[in-house]
Amino acid sequence: MKVGILTGGGDCPGLNAVIRAIVRKGVPTYGHEFIGFRDGWRGPLENVTMPLDIQSVRGILTRGGTILGSSRTNPFKEEDGLARIQKNLAALGVDALIAIGGEDTLGVAKKLAELGVQIVGVPKTIDNDLNATDYTFGFDTAVNIATEAIDRLHTTAESHHRALVVEVMGRHAGWIALHSGLAGGASVILIPEIPFSIAKVCEYVESRFRTNYAPIIVVSEGAIPQEGDMVVKDQSLDAFGHVRLSGIGEWVAQQIEIRTGKEARTSVLGHIQRGGTPTAFDRVLATRLGLHAITAVHEGDWGKMVSLQGTQIVRVGLAEATANLKLVDPQRYAEAEVFFG
Ligand code: F6P
């Protein structure tokens, strides 16, 4: 069988580990042949490919990013986008496709599966917001990077008696903020799922200063103040219609200064959370997902996404996997609230 592989959406640590596992099992165990599609859906849409064999995946296990490149190209936005993909796959003699991506990339995969394309999905995103999988690879790495940043900010905040706000990624899910804030001992964690009161945040800040500690406020880029609208730097949308987030951290710091008179600063971690080598957890998860994805292809189990449930890798329908986002539930947030203030 000739199998195409693509990586779509925002990159994340572990993508190369998936590609490596697929090829390292697919060639010797099943005798499959591989072709890489460049830059997400742009590859099959515009016929941009690269060779993919055992030699080309040597040494990439620990490398962040993706050797295939990635993009947020949306075939739904192109005239005859899906039909062009089908035509190009047929012309290249590609029998099956493995799409590694988040909700947007897998949403396209789901549609192609409905049209009869032989496709299997692999979930990835640092945001950990994909339903039907307990964790996505990339998340653990992002949390570790954010936690290390929070650890470092504690000492400088204390030296200067400042409130330090850390803005982390996650889009509309607060997983990175919740986990890094818990691990880093944040004074308060703000997540998109639960609109926050800036007055309450300032109370926590003041109480932390009263105990001679400097507060660290971890804010998810999609967090929303009860007193206003979502704060965003600009209104531009990506090809899948998502607004570019960031700006809330700066807003929170300004409000803290105005309302408490204490000095406050913001660190926006941004793409640092997505770059560099994956943690051991993400390398193992990505490798296992890759191994199971190529087995699903070999068995012709089309329209499925491989997923982590407990400690097992199982298969779920792409429709189920992309139906809803996985958000932080209030009980998980309540656990963290014990440590606020
Ligand atoms: O979905 C992953 C993610 O890193 C989000 O956390 C973030 O909002 C978005 O991608 C940023 O996208 P871009 O790199 O296209 O600006």
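Located above this text is the structure these notes cover.
Draft legend 1. Broad picture of the sheet that holds strand β4 (residues 96–101). Read from one edge to the other, the open sheet built from seven strands follows the order β3-β2-β1-β4-β5-β10-β11, with strand pairing classed as mixed. The outermost strands of the open sheet, each flanked by one partner alone, are β3 (49–52) and β11 (312–317). Taking the axes of each pair of neighbouring strands and ignoring which way they run, one obtains an average angle of 30° across the sheet. In terms of strand pairing, strand β5 (residues 119–123) meets strand β10 (residues 304–309) through two bridges, oriented parallel. Along β10, the bridge assignment pairs Gly-121 with Met-305.

Draft legend 2. How the structure looks around the site of the ligand. With respect to spatial proximity, the complete set of residues near the ligand consists of Arg-72, Ile-126, Asp-127, Met-169, Gly-170, Arg-171, Glu-221, His-271 and Arg-274. Measuring from an oxygen atom of the ligand, one finds a side-chain N or O atom of Glu-221 at 2.5 Å. In the environment of the ligand, an oxygen atom lies 2.7 Å from a nitrogen or oxygen atom belonging to the side chain of His-271. Structurally, the ligand is housed in the largest pocket. Counted by class, the shell around the ligand contains two nonpolar, two polar and five charged residues. Both of domain 1 (2–137 + 278–323) and domain 2 (139–275) provide at least three residues apiece to the shell around the ligand.

Draft legend 3. Looking closely at the packing of helix α7 (residues 198–210) against helix α8 (residues 248–260). The interhelical angle for the contact between α7 and α8, taken along N-to-C directions, is 70°, at an axis separation of 10 Å. Taken together, α7 and α8 sit at an angle that is classed as roughly perpendicular. Crossing handedness for the pair α7 and α8: right-handed. Note on element contacts: α8 touches α7 through Trp-251, Val-252, Gln-255, Ile-256, Arg-259 and Thr-260, opposite Ile-198, Ala-199, Val-201, Cys-202, Val-205 and Glu-206. Of the residues belonging to the contact of α7 with α8, the class tally is eight nonpolar, two polar and two charged.

Draft legend 4. Region of the structure containing the pattern of salt bridges. Inspection of every chain in the model, using the stated rule, returns 16 salt bridges. Notably, a salt bridge pairs Asp-301 with Lys-304, separated by 2.8 Å at the nearest N-O pair. Assessed through its relative accessible area of 24%, Lys-304 is described here as partly exposed. Taken together, the salt bridges that share partners define one network made up of Glu-299, Asp-301, Lys-304 and Arg-315.

Draft legend 5. Focus on the layout of surface pockets. As a volume, the largest pocket reaches approximately 650 Å³. Surrounding the largest pocket, 35 residues form its lining, Arg-72, Met-169, Arg-171, Glu-221 and Arg-274 being those nearest its centre. Of all the secondary-structure elements, those providing two or more residues to the lining of the largest pocket are α4 (103–114) and β6 (163–168). Broken down by element, the residue count for the lining of the largest pocket peaks at three residues, all from α4. Taken together, the residues of the lining of the largest pocket sort by class into eight nonpolar, 12 polar and 15 charged. Here the lining of the largest pocket gathers at least three residues from each of two domains, domain 1 (2–137 + 278–323) and domain 2 (139–275).

Draft legend 6. The sheet that holds strand β9 (residues 264–268), seen in detail. Across the sheet, four strands lie side by side as β7-β8-β6-β9; this open sheet has parallel pairing. Edge positions in the sheet fall to β7 (188–190) and β9, since each has one partner strand and no second. Sheet twist, expressed as the average angle between the axes of neighbouring strands with direction ignored, equals 20°. Strand contacts of helix α6 (residues 175–184): β6, β7 and β8 (216–220), with the helix running at about 170° to β7, the strand carrying the most contacts.

Draft legend 7. How the structure looks around the nonpolar core. Leu-52, Ile-100, Phe-137, Leu-190 and Ile-256 are the most contacted members of the largest nonpolar core, which totals 81 residues. Ranked by residue count, the leading element in this core is helix α5 (residues 139–160), at eight residues. Domain assignment of the residues forming this core places at least three in each of domain 1 (2–137 + 278–323) and domain 2 (139–275). Counting residues in hydrophobic clusters, the runner-up holds 24 residues, among them Leu-45, Val-108, Val-117 and Ile-119.

Draft legend 8. Looking closely at α4. Look at α4: 16 Å from first C-alpha to last across 12 residues, which is about the 16 Å you get at 1.5 Å a residue. Among the residues making up α4, those that are buried are Asp-104, Thr-105, Leu-106, Val-108, Ala-109 and Leu-112. For α4, the secondary structure elements touched by its buried residues are β1 (2–7), α3 (81–92), β4, β5, β10 and α10 (318–323). Looking one or two residues past α4, Gly-116 carries a phi angle of roughly 100°, positive in sign.

Draft legend 9. Local environment of the pairing of β8. Extensive coverage of β8 is indicated by the burial of five of its five residues. Covered by surrounding structure in β8 are Ile-216, Val-218 and Ser-220 together with Ile-217 and Val-219, the residues of both alternating faces. As defined by bridge partners, β6 adjoins β8 across five bridges and the pair is classed as parallel. Counted as the bridge partner of Glu-167 is Val-219 from β8. With three bridges joining them, β7 and β8 adopt parallel strand pairing. Each residue of the ladder has a partner; that of Ile-189, found in β8, is Val-218.

Criteria and thresholds
One numbering rule holds for all chains: residues counted from 1, following each sequence as written. The model is predicted, so local features are restricted to residues of pLDDT at least 70 and side-chain atom pairs to those at 80 or more, both for listing and for counting; the totals for chains, interfaces and linings are taken over all residues. Side-chain calculation: all heavy atoms of the structure are included, whereas hydrogens and water are not. Here, any two strands with at least 2 DSSP bridges between them count as paired. Numbered from the N terminus, helices here are DSSP runs of H or I no shorter than four residues, and strands are runs of E no shorter than two. Orientation is described by lines fitted to C-alpha atoms, with helices fitted over the stretch in contact, and by angles between N-to-C directions that extend from 0 to 180 degrees. One heavy atom suffices: a residue is near a molecule or strand as soon as one of its heavy atoms comes within 4 Å of it. We call two N or O atoms a polar contact when they sit within 3.5 Å, provided that within protein one can donate a hydrogen and the other can accept it, with sequence-adjacent residues counted only if both atoms are side-chain atoms. Grid spacing is 1 Å over the protein atoms alone, the probe is 1.4 Å, and a cavity is where that probe fits but cannot get out, while a pocket is an open set with protein on both sides within 12 Å along at least five of seven lines and lining residues have an atom within 4 Å of a point. For this analysis, a molecule is said to be in a pocket or cavity if more than half of its atoms are within 2 Å of the grid points defining it. Residues are sorted three ways: Asp, Glu, Lys and Arg are charged, Ala, Val, Leu, Ile, Met, Phe, Trp, Tyr, Cys and Pro are nonpolar, and all the rest, Gly among them, are polar. Domain segmentation is taken from an automatic or database assignment of domains. What sets the label is the angle itself: under 35 degrees gives roughly parallel, over 145 gives roughly antiparallel, 65 to 115 gives roughly perpendicular, and the rest give oblique. By convention the crossing between two helices is left-handed if the near helix lies anticlockwise of the far one by an angle smaller than a right angle, and right-handed if it lies clockwise. Should any heavy atoms of two residues lie within 4.5 Å, those residues are considered in contact. When a carboxyl oxygen of Asp or Glu lies within 4 Å of a side-chain nitrogen of Lys or Arg, that pair is called a salt bridge. Buried residues are those whose accessible area, probed at 1.4 Å on protein chains only, stays under 20% of the maximum for their type, while exposed residues exceed 50% and partly exposed ones sit between those limits. Grid points are joined across faces, edges and corners, and a volume is the space filled by probe spheres set on the points. As used here, the term nonpolar core means buried Ala, Val, Leu, Ile, Met, Phe, Trp, Tyr and Cys residues forming a set that is joined through side-chain atoms within 4.5 Å. Between the first and last residue of a helix there are one fewer steps than residues, each counted as 1.5 Å, and that sum is the expected span.

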